Amino acid sequence: MSVDLEATLARPISLAEMVIAARATLAELLGLDTTPELSLFTERRYEQGRRVASGRRLDAAELRSTTIGDRIERQPNGMPGSIHLEIDVSGFEDGAWLLAIDHDPETGGAPEAVFSPYRTCVSVVVALAMALAVADRTGGQFIDDQIQLLRPGHTHPRQVVTVTRLPPEPGEFTQRSERYLRQFAHLGGWPRAVSMGRT
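Since this is a predicted model, take the numbers as computed values, not measurements.

**Q** Quick question: what am I supposed to make of the sheet that holds strand β1 (residues 5–8) here?
**A** Strand pairing in a sheet takes place through backbone hydrogen bonds and is either antiparallel or parallel in direction. Taken in spatial order, the seven strands line up as β6-β3-β8-β9-β10-β1-β11 in an open sheet, and their pairing is antiparallel. Edge positions in the sheet fall to β6 (56–57) and β11 (142–143), since each has one partner strand and no second. Here two bridges tie strand β3 (residues 38–42) to β6, and the two strands are oriented antiparallel to one another. Paired with Phe41 across the strands is Arg57, a residue of β6.

Printed below as a string of C-alpha cells:
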C-alpha cells in the first residue's frame, strides 16, 4: 500500500519548473543551501516489487516540454488519463513515484499530482517538497490525508512550509531529512529507515 502526498493543479506546470521548485522547497524545509539533483524516469517496470527495467531518464528538453496538469486522453477502458514517472534523488537509492491524474472535470475533479515515496525519511521529505512545490506554483492545494504531518491538516502549501521548516543550520542532507520528520512526534519515529543508502 502506498503512502501519498498530493497536490491539486490549478494550472499546468512543466516538469522542469516542478523540479526547480521542488529543490528550492526542499532546501527551505531542511534549512540547507543546496540539495541533491532530482531526476525523472519513465518506462520503469516492476515485477513482484523488484525493478526489472531501469527505464529512461528524461533529458532537459523533455523536462521543459512535458507538462502535468493538462488534459490527458482517457484510457480505452474509460478511466481518467494519467502519467506515471519515477523520481530519483541523485547520489542516493531513495526516490518516489509520481502519478499525474486528469480527473473528469464534469464531476468537479481537478488535475492532481500524487507523490508516493519509498519508505525512508529522505524519500518522504523529497515527495513532500515536490507536492508542496507543485501546489504552491500552480495555485493548487496540498493534500496530506495519509501521513498527516499537521493536525488538523493544512491545504495551503506556503503555510505548511512556514510552520514546519527547520531553522538554517549546518548538517548533512540525510540527517536534516530525518530531523525534519522527527519533529512530528505523532509519527512515532516513522519511517524507521533514514535512507536506502548511497549510489
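Next comes the rest of the account.
**Q** Looking at this model, I keep getting lost on the nonpolar core. Mind explaining?
**A** Buried together is how nonpolar side chains tend to be arranged in soluble globular proteins. In terms of nonpolar packing, the biggest core is built from 55 residues, with Met18, Leu40, Phe115, Phe173, Tyr180 and Leu181 touching the most fellow members. When residues in this core are grouped by element, the largest group, 14 residues, is from helix α3 (residues 121–138). For Met18, the contacting residues outside a window of four places in its chain are Ile13, Leu40, Ile68, Leu98, Phe115, Met130 and Val134.

**Q** Sorry, what's going on with the packing of helix α1 (residues 15–30) against α3 here?
**A** When two helices pack together, you describe them by how their axes are tilted relative to each other and by the distance separating the axes. Running from amino to carboxyl end, α1 crosses α3 at an angle of 120 degrees, the nearest separation of the two axes being 8 Å. It follows from the interaxial angle that α1 and α3 lie oblique. In this structure, α1 meets α3 at a crossing whose hand is right-handed. Contacts between α1 and α3 involve Glu17, Met18, Ala21, Ala22, Thr25, Leu26, Leu29 and Leu30 from the former and Val125, Val126, Leu128, Ala129, Met130, Leu132, Ala133, Val134 and Arg137 from the latter.

**Q** Could you clarify how one ought to interpret the packing of α3 against helix α4 (residues 157–164) in this entry?
**A** With their axes 8 Å apart at the nearest point, α3 and α4 run at an angle of 135 degrees to one another. Between α3 and α4, the interaxial angle falls into the category oblique. Contacts from Leu132, Ala135 and Asp136 in α3 reach Pro157, Arg158, Val160 and Val161 in α4. Classifying every residue of the contact of α3 with α4 gives five nonpolar, no polar and two charged.

**Q** Would you explain the pattern of salt bridges in this entry?
**A** Two side chains that carry opposite charge are able to pair once their charged atoms sit near each other. This model, assessed by the stated rule, comprises 13 salt bridges. Between Asp88 and Arg44 there is a salt bridge, with its nearest N and O atoms 2.8 Å apart. Separated by 44 residues along the polypeptide, Asp88 in strand β8 (residues 82–89) and Arg44 in the loop between β3 and β4 (45–47) bring together distant segments of the chain. Given a relative accessible area of 15%, Arg44 falls into the buried group.

**Q** Before we go on, may I ask you to explain the side chain of Thr8 in this structure?
**A** If you trace the backbone, Thr8 turns up in strand β1. At 2.7 Å, the side chain of Thr8 forms a polar contact with the backbone nitrogen of Gln141. Setting aside residues up to four positions removed in sequence, Thr8 forms contacts with Pro111, Glu112, Ala135, Thr138, Gly140, Gln141 and Ile143.

So, how was this worked out
- Residues numbered from 1 in each chain as written.
- Predicted model: local features only at pLDDT ≥ 70, side-chain atom pairs only at ≥ 80, totals over all residues.
- Heavy atoms only, no water.
- Pairing = 2+ DSSP bridges.
- Helix = DSSP H or I, 4+ residues; strand = E, 2+ residues; numbered from the N terminus.
- Core = buried A, V, L, I, M, F, W, Y, C linked by side-chain atoms within 4.5 Å.
- Buried < 20%, exposed > 50% of the residue type's maximum accessible area, 1.4 Å probe, protein only.
- Contact = heavy atoms within 4.5 Å.
- Axes fitted to C-alpha atoms, helices over the stretch in contact; angles between N-to-C directions.
- Parallel < 35°, antiparallel > 145°, perpendicular 65-115°, else oblique.
- Left-handed = near helix turned anticlockwise from the far one by under 90°.
- Nonpolar A, V, L, I, M, F, W, Y, C, P; charged D, E, K, R; others polar.
- Salt bridge = Lys/Arg side-chain N within 4 Å of Asp/Glu carboxyl O.
- Polar contact = N/O pair within 3.5 Å; in protein donor to acceptor, adjacent residues only side chain to side chain.

The analysis is restricted to geometry; functional conclusions fall outside its scope.
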